[in-house]
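Chain by chain, the residues:
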Amino acid sequence: MPPPEPTPMVPGSRTAAPSPHQVIEGLKATDDPRALELLTPEGERVAHPEFDPYLSDIGPEELKGFYRDMVLVRRYDREGNALQRQGQLGIWVPLLGQEAAQIGAGRALTPKDMAFPSYREHGVAWCRGVDLKDLLGIFRCSDHSSWDYQEKRFTPYTIVIGNQVLNAAGYAMGQRFDGKVGNTDEAENEATMVFFGDGATSQGDVHEGFVWASVYDAPLVFFCQNNQWAISEPTERQSRLPLYNRARGYGFPGVRVDGNDVLACLAVSRWALEQCRAGNGPVLIEAFTYRMDAHTTTDDPTRYRLSDELETWKLKDPIERVRVHLARNGLADNEFFDSVQAESDALAEQIREHCFAMPQPGPERVFANVYHDPHPVLDAQRDEYLDYLAGFEEEGVH
Amino acid sequence: MAAPVISRAAEQSPSATQKLTIGKALNLGLRTAMENDPKVIVMGEDVGKLGGVFRITDGLQKDFGEHRVLDTPLAESGIIGTAVGLAIRGYRPVCEIQFDGFIFPGFDQIVSQVAKVHFRSEGRLRMPMVIRVPFGGGIGAVEHHSESPESYFAHTAGLRVVSCSNAVDAYWMLQQAIQCEDPVLFFEPKRYYHSGALRAEVDTAVTPAPLFSSQVLRTGNSATLVAYGPSVKVCLDAAAAADEDGTSLEVIDLRTLSPLDLGPVFESVRKTGRLIAVSEAPANSSLTSEIAMRVQQECFYSLEAPVLRVTGFDTPYPPTKLEEHFLPDLDRVLHAVDRALAW
Ligand SMILES: Cc1ncc(C[n+]2csc(CCOP(=O)(O)OP(=O)(O)O)c2C)c(N)n1
Ligand SMILES: [Mg+2]
């Protein structure tokens with residue numbers, strides 16, 4: 001598109017300058033110009049010569065597997081929300097609507113790859129083999145988290161927006177320094193994927209992460225779930241242009257994918273990880289999706305967005321399109337759908353029971369794990385406090 | 001163009017006195033400051049349409065327009081750094097940091113520019129900026145939402161640091177901070193924002209106490225409690241409980257953390273001979289350390305017991321199922337009082 005004609009300056013009659021959106025290819029952050037889509041909202045599989053090869057091993061069984069993944073994590077998510085409403089959790093951070101983005105990305109990772117989540121990535125946690133029960137402590141506010149980070153290759157949730165992006169860049173630099181990219185034996189290669197939101201793209205840490213990964217050719221996939229909202233702020237508050245464009249300025253590819261299409265998210269993530277493992281450096285994926293629930297259980301979205309928006313996105317539901325595709329093409333019968341439903345109810349029940357049975361941590365936990373090596377000052381503080389508490393118990397006995 | 005300003009404050013209440021929570025008092029203070037000075041602008045994450053996650057800026061964007069109440073991109077360094085430029089341009093930015101634990105991406109700008117522009121420009125550039133920080137625990141939140149980082153800022157020359165503990169101070173101190181020609185870190189006791197128990201009559205027509213002054217909130221002669229922000233309520237409750245047992249405690253609300261106004265504390269300690277400093281912040285190298293040091297220096301011969309402290313531990317803020325252990329409470333304060341009295 002040719003640049004617009006310069007606006008002539010007539011003294012005393014200033015015409016409005018073209019808006020930045022008009023100048024830059026007529027795009028806005030919210031426009032959806034070229035999101036890759038392989039499974040339409042109506043459940044039609046769309047052929048794509050470049051990305052179909054990344055799905056060559058995906059048959060009906062695998063697709064049913066993704067359906068199951070998404071139904072289970074959604075059920076988990078709704079249970080978490082309900083547990084918060086019942087006072088069992090302090091807060092819940094819903095993933096509703098982002099199941100395809102997370103399962104697509106999560107299933108593209110291999111056990112050797114590392115993942116750095118933000119705080120909404122329950123679906124990715126599931127794909128990494130984290131027991132979903134182990135996430136509950138964060139939201140019950142009884143512990144910070146409790147899975148085996150190195151074994152699962154999934155770091156603790158990060159709440160400070162953007163922090164984990166630089167950390168992931170460093171980890172990926174290490175993978176490269178350790179010779180884990182570009183090997184002819186592909187089983188030797190590794191990559192890292194970092195998760196963050198549209199709001200996070202404004203943080204310095206994220207921009208610095210782009211720079212570091214870029215200049216060190218770090219095998220890092222930046223997986224941005226653009227769910228359109230950063231609490232109450234729409235994506236236009238963070239960017240004039242669609243977010244995937246940012247990559248170009250830092251010197252690596254950026255792709256926008258339909259974040260509600262699990263196949264597209266899987267294919268693009270596999271492609272991006274392959275680029276990384278081959279030693280070609282980072283890739284930015286913008287998964288264009290929608291936060292169908294509140295930001296967290298403490299948020300009230302009716303204050304800042306219209307319900308029609310949600311209604312429109314319900315038509316693009318990530319799970320429904322897979323269900324329609326499976327059913328319409330005779331790839332799954334009612335028995336399958338019923339069994340997934342039953343499994344999800346059982347999962348919810350387990351999560352509930354676990355949550356109710358979670359013990360109250362003891363006071364010594366306040367002082368635990370602040371340091372690895374002994375710390376005499378803190379140890380004394382702990383002992384003094386525990387003695388003080390013991391004093392109450394003695395009083396109680398009298 | 002900003003929307004025309006409607007003085008809701010004036011409309012709502014013909015009399016000068018209103019009963020307000022701390023949150024509503026802050027909102028009214030901001031509104032009044034914006035009405036009085038068109039250069040006052042509010043900026044931060046979600047402060048516009050949403051009115052802030054705590055609703056402290058509720059209704060301001062609607063009444064003053066998007067150019068005076070800015071929903072900024074999500075970056076604290078950006079918020080503070082651009083506020084520096086706006087202040088150089090003649091604005092008086094009031095920045096909101098959403099939660100205490102999220103001030104750190106803006107730390108560089110605060111320490112390197114906000115605190116030093118006046119100094120570095122040989123006094124030619126002023127930095128009349130307020131950085132509002134909802135701080136402290138007790139709200140059952142997840143990580144990074146309950147911290148007390150005030151000592152970092154009190155430690156930094158060039159910054160002024162204050163904290164309000166009640167609705168009257170919330171209303172007045174915020175306006176005074178906005179009028180200050182130096183940058184002010186304004187720490188707000190978030191757990192009491194909407195507390196009905198702390199709702200108080202705010203007289204908007206009186207002359208307020210000076211911003212950088214401490215205040216005796218309750219007189220007593222057995223021992224002195226000094227605190228600021230959310231810990232003031234804990235001390236007042238402790239004093240009320242002690243009173244029933246015949247111990248009379250004096251309670252001082254520090255209000256200003258930098259510069260410290262310890263005159264009233266010295267005077268009190270000369271009377272009571274005992275001081276307990278209370279804060280949620282970890283004790284190590286903190287404001288309570290500074291208070292203890294200065295009191296021993298100024299009141300050495302009056303002290304009947306060492307200065308004691310009741311504070312958060314030298315740990316990160318714990319998962320909030322454990323916060324009752326971390327936070328100074330009535331029992332811990334009274335325990336310290338007993339120790340001081342028994343010395
Ligand atoms: C440094 C920092 N500032 C502010 C916050 C408060 N906060 C939590 S989530 C959020 C919005 C994040 O939006 P986005 O990056 O789009 O992620 P989403 O929540 O939509 O998944 C904000 C402002 C924070 N956690 N960290
Ligand atoms: Mg978002």
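Rules behind the numbers
- Residues numbered from 1 in each chain as written.
- Chains lettered and ligands numbered in written order.
- Predicted model: local features only at pLDDT ≥ 70, side-chain atom pairs only at ≥ 80, totals over all residues.
- Heavy atoms only, no water.
- Helix = DSSP H or I, 4+ residues; strand = E, 2+ residues; numbered from the N terminus.
- Rg over C-alpha atoms; globule rule 2.2 N^0.38 Å.
- Buried < 20%, exposed > 50% of the residue type's maximum accessible area, 1.4 Å probe, protein only.
- Contact = heavy atoms within 4.5 Å.
- Areas by Shrake-Rupley, 256 points an atom, 1.4 Å probe, with all protein chains shown as cover.
- Lys, Arg positive; Asp, Glu negative; His and termini not counted.
- Charge placed at Lys NZ, Arg CZ, Asp CG, Glu CD.
- Axes fitted to C-alpha atoms, helices over the stretch in contact; angles between N-to-C directions.
- Parallel < 35°, antiparallel > 145°, perpendicular 65-115°, else oblique.
- Near = heavy atom within 4 Å.
- Polar contact = N/O pair within 3.5 Å; in protein donor to acceptor, adjacent residues only side chain to side chain.
- Pairing = 2+ DSSP bridges.
- Buried area = accessible area lost by both parts, 1.4 Å probe.
- Salt bridge = Lys/Arg side-chain N within 4 Å of Asp/Glu carboxyl O.
- Left-handed = near helix turned anticlockwise from the far one by under 90°.
- Nonpolar A, V, L, I, M, F, W, Y, C, P; charged D, E, K, R; others polar.
- Domains from an automatic or database assignment.

*Asks:* If you had to explain the overall build of chain B to someone new, which residues and values would you point to?
*Replies:* Scanning chain B from N- to C-terminus turns up 13 helices and 14 strands. On C-alpha atoms alone, chain B measures out to a radius of gyration of 20 Å, which is about the 20 Å that the 2.2 N^0.38 rule sets for 343 residues. Structurally, chain B occupies a C-alpha span of about 65 × 45 × 40 Å along its principal axes. Looking at chain B as a whole, 59% of its 343 residues are labelled buried. In chain B, 81% of the contacts between residues at least 6 apart in sequence involve partners at least 24 apart. For chain B, the exposed area adds up to about 13100 Å²; of that, 51% sits on carbon and sulfur atoms. The average position of the 31 basic charges and that of the 41 acidic charges among the side chains of chain B differ by 5 Å.

*Asks:* Lay out the packing of helix H4 (residues 76-88) of chain B against helix H5 (residues 107-114) of chain B in plain terms, naming residues and giving numbers.
*Replies:* Residues and elements named next belong to chain B. Remark: H4 packs on H5, axes separated minimally by 8 Å, with the N-to-C direction vectors making an angle of 20°. Classified by the interaxial angle, the pair formed by H4 and H5 is roughly parallel. For the pair H4 and H5, contact is made by Ser77, Ile80, Gly81 and Val84 and by Gln109, Ile110, Gln113 and Val114, respectively.

*Asks:* An account of the site of ligand 1 is needed here, citing residue identities and associated values.
*Replies:* Near ligand 1 you find 21 residues, and of these Tyr119(A), Arg120(A), Ile159(A), Gly199(A) and Glu76(B) are the closest. Taken together, the residues near ligand 1 originate from chains A and B. A distance of 2.6 Å separates an oxygen atom of ligand 1 from a polar atom in the side chain of Tyr119(A). Residue Trp229(A) places a main-chain N or O atom 2.8 Å away from an oxygen atom belonging to ligand 1. Calculation on ligand 1 without its partners gives an accessible area of 580 Å², and the protein chains cover 95% of this total.

*Asks:* Residues and numbers for the sheet that holds strand E4 (residues 92-96) of chain B, please.
*Replies:* All names here are of chain B. Here we have 7 strands laid out as an open sheet, ordered E3-E2-E4-E5-E7-E6-E12, and mixed in their pairing. Of all the strands in the sheet, the pair left with one neighbour each is strand E3 (69-71) and strand E12 (256-258). Averaged over all pairs of adjacent strands, the angle between their axes in this sheet comes to 20°, without regard to strand direction. Inspection of the sheet shows E4 paired to strand E5 (residues 130-135) by 3 bridges, in the parallel sense.

*Asks:* Residues and numbers for the interface of chain A and chain B, please.
*Replies:* On the chain B side, the residues contacting the 41 residues of chain A number 40 residues. In total, chain A and chain B occlude about 3400 Å² of area from one another, counting both sides; carbon and sulfur atoms represent 61% of this. The three residues of chain A that bury the most area against chain B are Ile159(A), Arg303(A) and Val366(A), which together make up 19% of that side's buried surface. One can count 1 salt bridge joining chain A with chain B. Our enumeration of links across chain A and chain B arrives at 13 residue pairs in polar contact (both at pLDDT 80 or more).

*Asks:* Now, about the packing of helix H10 (residues 263-272) of chain B against helix H11 (residues 287-298) of chain B: what can you tell me, with residues and values included?
*Replies:* All names here are of chain B. Contact geometry for H10 and H11: axes closest at 10 Å, N-to-C directions at 60°. The angle between the axes of H10 and H11 places the two elements in the oblique class. Crossing of H10 over H11 shows right-handed handedness. On H11, the residues touching Val265, Phe266, Val269 and Arg270 of H10 are Arg294, Val295 and Glu298. Split into classes, the residues belonging to the contact of H10 with H11 amount to 4 nonpolar, no polar and 3 charged.

*Asks:* Any chance you could break down the pairing of strand E11 (residues 249-253) of chain B for me, citing the residues and the numbers?
*Replies:* Residues and elements named next belong to chain B. Counting buried residues in E11 gives 5 out of 5 residues, a clear majority hidden from the surface. Neither face of E11 is open: one carries Leu249, Val251 and Asp253, the other Glu250 and Ile252, and all of them are buried. Looking at chain direction, strand E9 (residues 215-218) and E11 are connected through 3 bridges and run antiparallel. Bridged to Val216 within E11 is Ile252.

*Asks:* Go over the domain arrangement of chain B with me, naming the residues and quoting the values.
*Replies:* Residues and elements named next belong to chain B. Assigned domains of chain B: these are domain 1 (13-203) and domain 2 (215-342). Domain 1 and domain 2 are separated by 26 Å when their C-alpha centres are compared. Of the residues lining the interface, 26 residues belong to domain 1; the matching set on domain 2 comes to 21 residues. At the boundary of domain 1 with domain 2, total buried surface from both sides reaches about 1900 Å², with 54% on carbon and sulfur atoms.

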